[in-house]
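Below are the chains, spelled out letter by letter.
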Amino acid sequence: MTRETGVWHSQVMLDSTLIKPFTSDQVLNELSAAGVVGKKNLEGFVQSPDVFPDAIFGKYPNQKLKAQPDIFFGPYGLVVSRAVAGVLREADLGKTQLYPLKLCQHDRVTPVEGEYFTLALGEQKTALVPKQSKGIELLGNTPEIWMNLGGKPDDFDFVVSGDALDGSDLWIDPLLHRSLFLSDRLVKALRAAKLTRRFGLSKCKVIPA
């Protein structure tokens, strides 16, 4: 990726309104195994394509599911629309992959309107500068993992080192629980396509590495 000057944090992983009522056969029958896949995905670890389902379906028999947001939470992590996937494919995703995902109603047959993809995250960058960032605290007894204290951060609340400017356009920072970061180039592309509304973006302050 061409070196840039901008880094953005997305609040999408902490937005409870984006948790949607879908499940899968594995979740119903092998909850522990499904949980491991979801946890690793949210932490940005590369996983084999075959651990992700081809289809998910609605949890509740009496709920008819409509077209879903351009980005939302499914049982294995983030799911994106065809429009967002199209923008991401033009970016440098590194080892992150997009896998087609069929969304069905509770009957497991009737499709939910739209076309969707599992966002299988596979890139990490350790760039957060906790001592200079605002609105975070240590996560429990973990000495090296921090968490966002509440709502969407203000611009420049989070400080990252210049190491964040190199490499992929989308990544997880292992220092910040439930974090998703984007390059300036990717944010500009999403904005041009009018797709940033649900991302909860805040600009980060970048300091020399």
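Residues numbered from 1 in each chain as written. Predicted model: local features only at pLDDT ≥ 70, side-chain atom pairs only at ≥ 80, totals over all residues. Heavy atoms only, no water.

Colleague: Would you take a moment to explain the sheet that holds strand 5 (residues 77-81) for this structure?
Modeller: Through backbone hydrogen bonds, the strands of a sheet pair up, either in parallel or in antiparallel fashion. With mixed pairing, six strands are arranged side by side in an open sheet as 2-3-6-7-5-4. Among the strands making up the open sheet, the edge pair consists of strand 2 (22-23) and strand 4 (71-74). Pairing of strand 6 (residues 97-104) with strand 7 (residues 116-120), which is carried by five bridges, proceeds in the antiparallel orientation. Directly across from leucine 101, in strand 7, lies its bridge partner tyrosine 116. (Pairing = 2+ DSSP bridges. Helix = DSSP H or I, 4+ residues; strand = E, 2+ residues; numbered from the N terminus.)

Colleague: Hey, could you run me through the sheet that holds strand 1 (residues 7-10) in this one?
Modeller: Ordered by their spatial adjacency, four strands build an open sheet running 11-12-1-13, and the pairing between neighbours is antiparallel. In the strand order of this sheet, the two ends are held by strand 11 (170-171) and strand 13 (201-203), each with one partner. By the bridge criterion, two bridges tie strand 11 to strand 12 (residues 180-183) in an arrangement that is antiparallel. The residue of strand 12 that forms the bridge with tryptophan 171 is phenylalanine 181.

Colleague: When you look at the packing of helix 3 (residues 82-89) against helix 4 (residues 184-192) in this model, what are you seeing that I'm missing?
Modeller: The description of two helices packed together rests on the angle between their axes and the distance between the axes. Two elements in contact, helix 3 and helix 4, have axes separated by 10 Å at closest approach and are oriented at 140°. By the angle class used here, helix 3 and helix 4 are oblique. The handedness of the crossing between helix 3 and helix 4 is right-handed. Residues Val84, Val87 and Leu88 of helix 3 form the contact with helix 4, whose participating residues are Leu186, Ala189 and Leu190. Residue classes in the contact of helix 3 with helix 4 are distributed as six nonpolar, no polar and no charged. (Axes fitted to C-alpha atoms, helices over the stretch in contact; angles between N-to-C directions. Parallel < 35°, antiparallel > 145°, perpendicular 65-115°, else oblique. Left-handed = near helix turned anticlockwise from the far one by under 90°. Contact = heavy atoms within 4.5 Å. Nonpolar A, V, L, I, M, F, W, Y, C, P; charged D, E, K, R; others polar.)

Colleague: Teacher, can you tell me more about the environment of glutamine 11 here?
Modeller: In this structure, glutamine 11 sits in the loop between strand 1 and strand 2. Each C-alpha atom of the pair glutamine 11 and glycine 200 lies 4.8 Å from the other, and the pair is 189 residues apart in sequence. Residues in contact with glutamine 11, not counting those within four places in the same chain, are Asn148, Gly150, Gly151, Lys152, Pro153, Phe199 and Gly200. Of the polar contacts made by the side chain of glutamine 11, one reaches the side chain of asparagine 148; its length is 3.1 Å. (Polar contact = N/O pair within 3.5 Å; in protein donor to acceptor, adjacent residues only side chain to side chain.)

Colleague: Any chance you could explain the nonpolar core here in plain terms?
Modeller: Most often, soluble globular proteins have nonpolar side chains that are buried together. Residues Met13, Leu170, Leu180 and Leu182 are the most contacted members of the largest nonpolar core, which totals 29 residues. Listed by contribution, the elements that provide at least two residues to this core are strand 4, strand 5, helix 3, strand 7, strand 12 and helix 4. When near neighbours in sequence (up to four residues on either side) are disregarded, methionine 13 contacts Leu42, Phe73, Leu78, Leu121, Ile172, Arg178, Ser179 and Leu180. With 14 residues, the next largest nonpolar core counts Phe158, Leu175, Phe181 and Cys204 among its residues. (Core = buried A, V, L, I, M, F, W, Y, C linked by side-chain atoms within 4.5 Å. Buried < 20%, exposed > 50% of the residue type's maximum accessible area, 1.4 Å probe, protein only.)

Colleague: Before we go on, may I ask you to explain the pairing of strand 1 in this structure?
Modeller: On any regular strand, side chains alternate: one points to one face of the sheet, the next to the other face. Residues Val7 and His9 of strand 1 are buried on one face, and the alternating residues Trp8 and Ser10, pointing to the opposite face, are buried as well. In this sheet, strand 12 lies alongside strand 1 in antiparallel orientation, the contact comprising four bridges. Residue histidine 9 lies in a different strand from strand 12, and its bridge partner there is phenylalanine 181. Of the pairings in the sheet, the one linking strand 1 to strand 13 comprises three bridges and is antiparallel in character. When the sheet's bridge partners are listed, tryptophan 8 is paired in strand 13 with lysine 203.

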